[in-house]
Amino acid sequence: MRDLLSLQGLSIQTSSDKRSLTADVNISLVEGEALGIVGESGSGKTLTALSILGLLPRGVEVVSGEINFNGENLLSLEPERLREIRGKEISMVYQDPMTALNPVMTVGNQLLEVLDYHNHEVKNPESHVRESLIEVGIPDPERALKSYPHEFSGGMRQRAVIAMSLLLSPKLLIADEPTTALDVTIQRQILSLVSKQRSRRQMSMLWITHDLGVVANLVDRVAVMYAGRIVEVGTTKQIFNSPQHPYTQGLLASLPVASSRSRSRLASIPGVPPKPWLVGQSCSFADRCQFVQIRCRESLPLLDAQGSKSVACFYPIASST
Amino acid sequence: MTLVIDNVFKKYPIRQSKTVVNALNGISLNISKGQTLGIVGESGCGKSTLARLIVGLESPTQGAITWRDNVLLRGSKNQWRNHLSPAQLVFQDPYSSLNPRQRIGECIREVISAHNLRKKEEIDSRVTELLKVVGISEDMKNRYPHQLSGGQRQRVSIARALAAEPELIILDEPVSALDVSVRADVMNLLVDLRKEFGLTYLFISHDLSMVRHISDVIAVMYLGRVVELGTWDEVLDNPQHPYTKALIAAIPDHSQVGQMDLTVSLEGEVPSPTNIPLGCAFHVRCPIAVPNCSKMIPQLLPIKSSQSVACSEVVK
Amino acid sequence: MKREKNWVNYYLQSTSGIVGAVLVLIMITLSLISAFGLAPHDPLEQNPMDALQGPNGTYWFGTDQFGRDIFSRSIDGMRRSLSVALLSVGLATLFGVTLGVVGGYLGRWIDNIVVRTSDVIFAFPAILLALAIVNSLGNSWIDTSVAIAIVYTPIFIRVARGPVLSVKEMDYIKSARVLGYSSPRILGRHIMPNVFAPIVVQVALSLSWAILTESGLSFLGLGTQPPDASLGLMVSEAQALAAFAWWSLAFPSIFITIVVIGLNLVGDGLRDALDPARRSTS
Ligand SMILES: Nc1ncnc2c1ncn2[C@@H]1O[C@H](COP(=O)(O)OP(=O)(O)O)[C@@H](O)[C@H]1O
Ligand SMILES: Nc1ncnc2c1ncn2[C@@H]1O[C@H](COP(=O)(O)OP(=O)(O)O)[C@@H](O)[C@H]1O
Ligand SMILES: [Mg+2]
Ligand SMILES: [Mg+2]
């Protein structure tokens, strides 16, 4: 199957002082696949997602690399064509649903505007919009259409945003920590809704989160990001059952296991993640790694493709399986 | 020493809309010395409100919070104003819990000197000792909070609480704002301190896996009341209240790849605390509700010696 | 560990801050020269023979229609403007900050009174209110200062009260209360240091507004009275002459502009320099 989306060597810097924020990010996604990007805050997940849609904030820019979507390089597209792709072929859901909705416009009008803006041919836009709200589990869609975003709870707002992002049946849904602000029971509802819609629509998904529990149960493949770089990629099973990068392994070991009966001491990773622009030509995890060798401080380990699994480490942990 | 929370209510009147937020609705709990009580519940269920009441920042609308045994008993109104509260608080947000213009050594020293907890000449070594205990080296004493990482700030907050030599330390979501790789460190520190000094904790979190990791006893809260109470393994392995069951089922578990059953365990959302359903507050979402549930508020009743549930369908 | 710089060092790294400070210092020096009677000419002395001369070796900024030296009058006007600005902003800071901090910290009815009163004062346009007060007080520079102080007090109430309200809600203040610290200690050691910076910045900015207000009052014929010099009054008097004696309007205007810009640059520089987080990241 061919790649729907691939980022190749994508590097993002601040425009003014050329600080490197992400470096050499490679990820790819085949049609229908769900890829999770996990990483701690500041590791560059949001910037990577925003760069795909050409929505990087002012002051940061892509300095090298390619973003290919469905055969087109998004970085060199006409703004016109890029706007067409946004929303219609790629849509995005953000962490804070309040900023994704216009506070002074009813939810119904915002949904209709999406159809209108993209000249979407539907016979009866109103009923199309109503159905989309029912699909995402909003009870009483009639009333919801006439409501303003502030009249919704956080969970309902996120549902409305998801309805909006699914309205034009995109090929790819990018979700940036969409459930981080929600309670677990509401998160579960949203996860269930998203996975149902995804399989129904055969949609691809890029799911960004710092919550390892969520990706373990939602996506097919996982990319682990650390200090602006992808340090490990693999299928969800590979990453969680036999992590090879010491960071991935440390991260997993540091989490208390909700279902286990014992309460052993948590493994911890000393120190804090470095600023990506201060790493230079060495492994960004070297200072915190318990297996560090001289080589790790002298050169930069790159993602090394071995089948579907790849790890940016000179001394990967031998897989247990 | 035992802290007794007896049928406490807290209502916040909202002037503009002429409504009342019922943050706590008759909550009763005991915490005894050396014990760690974990409180878990979704946002808005009243966890932080309870913490503020215990430390005396606010007073209950109704009910009493009292210390038994060798701790002074005081009236409820502003009980600890200008006195060192026997319960100290560690907040969630490491960025607002330390004075940005106070060096961290000074922050600890002030607690000791304001209440003359040590002789003048012993204060310096006490500050160093407290910082060391939480894993902050002495040479960082003169730093300002913004020169520390989130995890280090949380350590300083813990040291500040320890400096007051409290009977009880309330930890209100102490690791929720920290990065995943830093959480384990702070959790381990809390466990170590408890062992070393025999501390008593009230550990509050919305994250059941953290509560499970540290608590002896767990209380599950829903809309300002305790719906289930028991030892940590009872509550997690053998949950009885339908809400506890749903909460546990909803936690995404990283140790079981792809095993999570994504079908929804609990429909709907938590009702607004301005308009709490009559009877059992959970009955509108409850899978096992019967008509009677909307008539009477179920009391927390024991099903075993150590486990209690507030559900009239479970305790019959 | 990188030693953090103190705020003076940090301030001195900013070019605009230095430019601002230099401009303000020049104006202060000129005012002092005038105050000690060291001006090249007597600012009040009329020399009808020398009326309306352009700038030259004797009269650096030229003369007005009465033959008075515009340079000497300008620096005397600057002295007057700065004195009024300092006194009025000093008074406004003293009262405004005290009321704002007390109201914001204590809340309840005290805060209500403070806020209502300052709202009433705010409801009037500044210059109109100052006009009315000057009218009823008198025209001495102290009267003018008191008038401007009354007009600016609500600004300082707001400037102090806003940060107090937000700082009061911070967890470190809650923590201070749980630690049983007394109110004076909480105010003095935990609240004031965190509202100090916006107040200092406001002082610098208000000085420049006060200079403009004083000029405005004098321009309108209140405030400083002829024959005394004031920058506003000089601009007012020069209006009719400007067409054929540009210097009579230009130099006092340039003085006002320089001191206002200088104070604004100083205010901006202080804002950055007094923020400890900003100091250590650069
Ligand atoms: N507009 C911006 N200007 C400068 N730096 C930025 C900007 N946005 C983000 N950054 C920096 O880029 C890094 C990555 O940020 P982000 O992608 O938001 O991380 P994540 O989403 O993984 O938490 C961080 O160090 C952040 O401080
Ligand atoms: N000062 C206050 N005024 C009005 N409502 C409040 C106040 N403090 C808390 N609440 C409300 O009380 C409820 C309980 O809040 P809180 O104790 O913070 O919950 P939790 O800590 O469990 O998330 C929430 O609905 C919250 O909005
Ligand atoms: Mg992000
Ligand atoms: Mg809370």
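Residues numbered from 1 in each chain as written. Chains lettered and ligands numbered in written order. Predicted model: local features only at pLDDT ≥ 70, side-chain atom pairs only at ≥ 80, totals over all residues. Heavy atoms only, no water.

Peer 1: Could you clarify how one ought to interpret the overall build of chain B in this entry?
Peer 2: Broken down by element type, chain B carries eight helices and 11 strands. Taken against the 2.2 N^0.38 rule, which gives 20 Å for 316 residues, the C-alpha radius of gyration of chain B at 21 Å falls within 12% of a compact globule. The 316 residues of chain B split such that 58% are buried. Pairs at least 24 residues apart make up 64% of the contacts formed inside chain B by residues separated by at least 6 positions. Averaged over its 34 positive side-chain charges, chain B has a centre that lies 7 Å from the centre of its 32 negative ones. (Helix = DSSP H or I, 4+ residues; strand = E, 2+ residues; numbered from the N terminus. Rg over C-alpha atoms; globule rule 2.2 N^0.38 Å. Buried < 20%, exposed > 50% of the residue type's maximum accessible area, 1.4 Å probe, protein only. Contact = heavy atoms within 4.5 Å. Lys, Arg positive; Asp, Glu negative; His and termini not counted. Charge placed at Lys NZ, Arg CZ, Asp CG, Glu CD.)

Peer 1: Looking at this structure, I do not really get the overall build of chain A. What am I missing?
Peer 2: Scanning chain A for helices and strands turns up 12 helices and 12 strands. Relative to the globule expectation of 20 Å for 321 residues, the C-alpha radius of gyration of chain A, 21 Å, shows essentially globular dimensions. With respect to the three principal axes, the spread of C-alpha positions in chain A is 65 × 50 × 40 Å. Within the span of chain A, comprising 321 residues, buried residues form 54% of the whole.

Peer 1: I keep staring at the nonpolar core and nothing clicks. Help me out?
Peer 2: The tendency in soluble globular proteins is for nonpolar side chains to be buried as a group. With 132 residues, the main nonpolar core has I108 and I158 of chain B together with I191 of chain C as its most contacted residues. If you tally residues by element for this core, the top one is helix α8 (residues 183–219) of chain C, at 13 residues. Dropping the residues within four chain positions of it, I108 of chain B is found in contact with V127, L130, L131, V156, A159, R160 and A163 of chain B. Counting residues in hydrophobic clusters, the runner-up holds 63 residues, among them L101, F152, I186 and F314 of chain A. (Core = buried A, V, L, I, M, F, W, Y, C linked by side-chain atoms within 4.5 Å.)

Peer 1: I would appreciate a short explanation of the confidence of the model for chain B in the present structure.
Peer 2: The predicted coordinates ought not to be read in detail in places where the model reports low pLDDT. Mean pLDDT over chain B works out to 90, with 95% of the residues at or above the 70 mark. Confidence estimates for the predicted assembly give a pTM of 0.86 and an ipTM of 0.89. (pLDDT = per-residue confidence, 0-100.)

Peer 1: What exactly am I supposed to notice about the interface of chain B and chain A here?
Peer 2: Accessible area lost when the parts come together is the quantity often used to give the size of an interface. Contacts between chain B and chain A engage 46 residues on the former and 48 residues on the latter. Between chain B and chain A, the buried area comes to about 4,100 Å², and carbon and sulfur atoms account for 53% of it. Summed over the shared surface of chain B and chain A, the number is one salt bridge. A salt bridge links R265 of chain A to D192 of chain B; the shortest N-O distance between them is 2.9 Å. Linking chain B with chain A are 18 residue pairs in polar contact (both at pLDDT 80 or more), by the criterion used here. Those elements that place two or more of their residues in the side of chain B that touches chain A are α5 (180–197), α6 (208–214), α7 (232–237) and α8 (242–250) of chain B. (Buried area = accessible area lost by both parts, 1.4 Å probe. Salt bridge = Lys/Arg side-chain N within 4 Å of Asp/Glu carboxyl O. Polar contact = N/O pair within 3.5 Å; in protein donor to acceptor, adjacent residues only side chain to side chain.)

Peer 1: Before we go on, may I ask you to explain the packing of aromatic side chains in this structure?
Peer 2: Centre-to-centre distance and the angle between the planes together describe a pair of aromatic rings. Residues and elements named next belong to chain C. Applying the stated criterion across every chain, the model contains 14 aromatic pairs over all chains. Ring plane angle 55° and centroid distance 5.0 Å describe the contact between W60 and F71, whose orientation is recorded as tilted. Here F71 lies in helix α3 (residues 70–106) and W60 lies in the loop between α2 (15–35) and α3, a separation of 11 residues in the sequence. The buried category is assigned to F71, whose relative accessible area is 10%. (Phe/Tyr/Trp six-rings, centres within 6.5 Å; stacked < 30°, edge-to-face > 60°.)

Peer 1: Can you walk me through the sheet that holds strand β3 (residues 36–40) of chain B in this structure?
Peer 2: Picture the strands of a sheet paired through backbone hydrogen bonds; they go either parallel or antiparallel. Residue and element names in this part refer to chain B. Taken in spatial order, the eight strands of this open sheet run β5-β6-β7-β3-β8-β9-β11-β10, and their pairing is mixed. Taken across any chain shown, the strands that pair with only one partner, and hence form the sheet edges, are β5 (87–90) and β10 (301–302). Where β3 meets strand β7 (residues 201–205), five bridges bridge the pair, whose relative direction is parallel. Within β7, the residue paired with T36 across the bridge is Y201. Across the face of the sheet, α8 comes into contact with β3, β8 (217–222) and β9 (225–231) while running at roughly 100° to β8. (Pairing = 2+ DSSP bridges. Axes fitted to C-alpha atoms, helices over the stretch in contact; angles between N-to-C directions.)

Peer 1: What is the right way to read the sheet that holds strand β1 (residues 3–14) of chain A from this model?
Peer 2: Residue and element names in this part refer to chain A. Taking strand neighbours across the sheet as the criterion, the four strands line up as β2-β1-β4-β5 in an open arrangement whose pairing is antiparallel. In the strand order of this sheet, the two ends are held by β2 (20–30) and β5 (72–73), each with one partner. Pairing geometry for strand β4 (residues 60–69) and β5, over two bridges, is antiparallel. In the sheet register, F69 faces β5, and the bridge partner there is E72. Sitting on the sheet, helix α1 (residues 45–52) is in contact with β1, β2 and β4, with an inclination near 120° to β1.

Peer 1: So what exactly am I meant to see when it comes to the interface of chain B and chain C here?
Peer 2: With 30 residues of chain B at the interface, the matching set in chain C holds 25 residues. Across the chain B/chain C interface, buried area totals approximately 2,400 Å², and carbon plus sulfur atoms make up 52% of it. By the criterion of area lost to chain C, the three top residues of chain B are L57, R101 and E110 of chain B, representing 26% of everything that side buries. The tally of links from chain B across to chain C stands at three salt bridges. Among the salt bridges present, the one from R189 of chain C reaches E110 of chain B, with a minimum N-O distance of 3.7 Å. Our enumeration of links across chain B and chain C arrives at 15 residue pairs in polar contact (both at pLDDT 80 or more). Contributing elements (two or more residues each) for the side of chain B that touches chain C: β5 and α2 (104–114) of chain B. Among the elements that line the side of chain B that touches chain C, the one with the most residues is α2 of chain B, at five residues. For the side of chain B that touches chain C, a count of residues per class yields 12 nonpolar, 11 polar and seven charged. (Nonpolar A, V, L, I, M, F, W, Y, C, P; charged D, E, K, R; others polar.)

Peer 1: Explain α8 of chain B to me, please; I cannot follow it from the model alone.
Peer 2: Residues lying three or four places apart along an α-helix face the same way, a consequence of the helix completing one turn every 3.6 residues. Every buried residue of α8 of chain B is listed here: P242, Y243, T244, A246, L247 and A250 of chain B. Among the structural elements, α8 (184–201) of chain A together with β3, β8, β9 and α7 of chain B are those in contact with the buried residues of α8 of chain B.

Peer 1: Looking at this structure, I do not really get a nonpolar patch on the surface. What am I missing?
Peer 2: Residue and element names in this part refer to chain C. Together, W7, V8, L12, I18, V22 and I26 give the surface a local cluster of nonpolar side chains, amounting to about 500 Å² of exposed area. For the nonpolar patch, the secondary structure elements donating two or more residues are α1 (7–11) and α2. Looking at which element gives the most residues to the nonpolar patch, the answer is α2, with three residues. Its relative accessible area of 36% is what places I18 among the partly exposed residues. (Patch = residues over 30% accessible without salt bridge, like charges linked within 9 Å, V, L, I, M, F, W, Y side chains within 5 Å. Areas by Shrake-Rupley, 256 points an atom, 1.4 Å probe, with all protein chains shown as cover.)

Peer 1: Honestly, the site of ligand 2 in this entry has me stumped. Any pointers?
Peer 2: All names here are of chain B. Within the structure, ligand 2 sits among 14 residues, and G44, G46, K47, S48 and T49 are positioned closest to it. In this structure, an oxygen atom belonging to ligand 2 sits 2.7 Å away from a side-chain N or O atom of S48. In isolation ligand 2 offers 560 Å² of accessible surface; the protein chains occlude 66% of this area. Within the residue set of the shell around ligand 2, elements represented by two or more residues are β1 (2–14), β2 (19–32) and α1 (47–55). It is α1 that contributes the most residues to the shell around ligand 2, four residues altogether. Its residues placed into classes, the shell around ligand 2 shows six nonpolar, five polar and three charged. (Near = heavy atom within 4 Å.)

Peer 1: Is there a simple way to think about the arrangement of the chains in this case?
Peer 2: The top pair by number of contacts, from a total of two pairs of chains in contact, is chains A and B. A gap remains between chain A and chain C, which never touch, and the nearest two C-alpha atoms on either side lie 12 Å apart.

Peer 1: Before we go on, may I ask you to explain the pattern of salt bridges in this structure?
Peer 2: Pairing between side chains of opposite charge can happen when their charged atoms approach one another. The full count for this structure, using the stated rule, is 36 salt bridges over all chains. Linking E106 of chain B and R189 of chain C is a salt bridge whose minimum nitrogen-to-oxygen distance equals 2.7 Å. Placement of the pair is E106 of chain B in helix α2 and R189 of chain C in helix α8, with the two residues belonging to separate chains. Relative accessible area serves as the criterion here: at 27%, E106 of chain B is assigned to the partly exposed category. Classification of R189 of chain C by relative accessible area gives partly exposed; the value is 37%. Each of E72, R81, E84, E89 and K171 of chain A takes part in one network of salt bridges that share partners.

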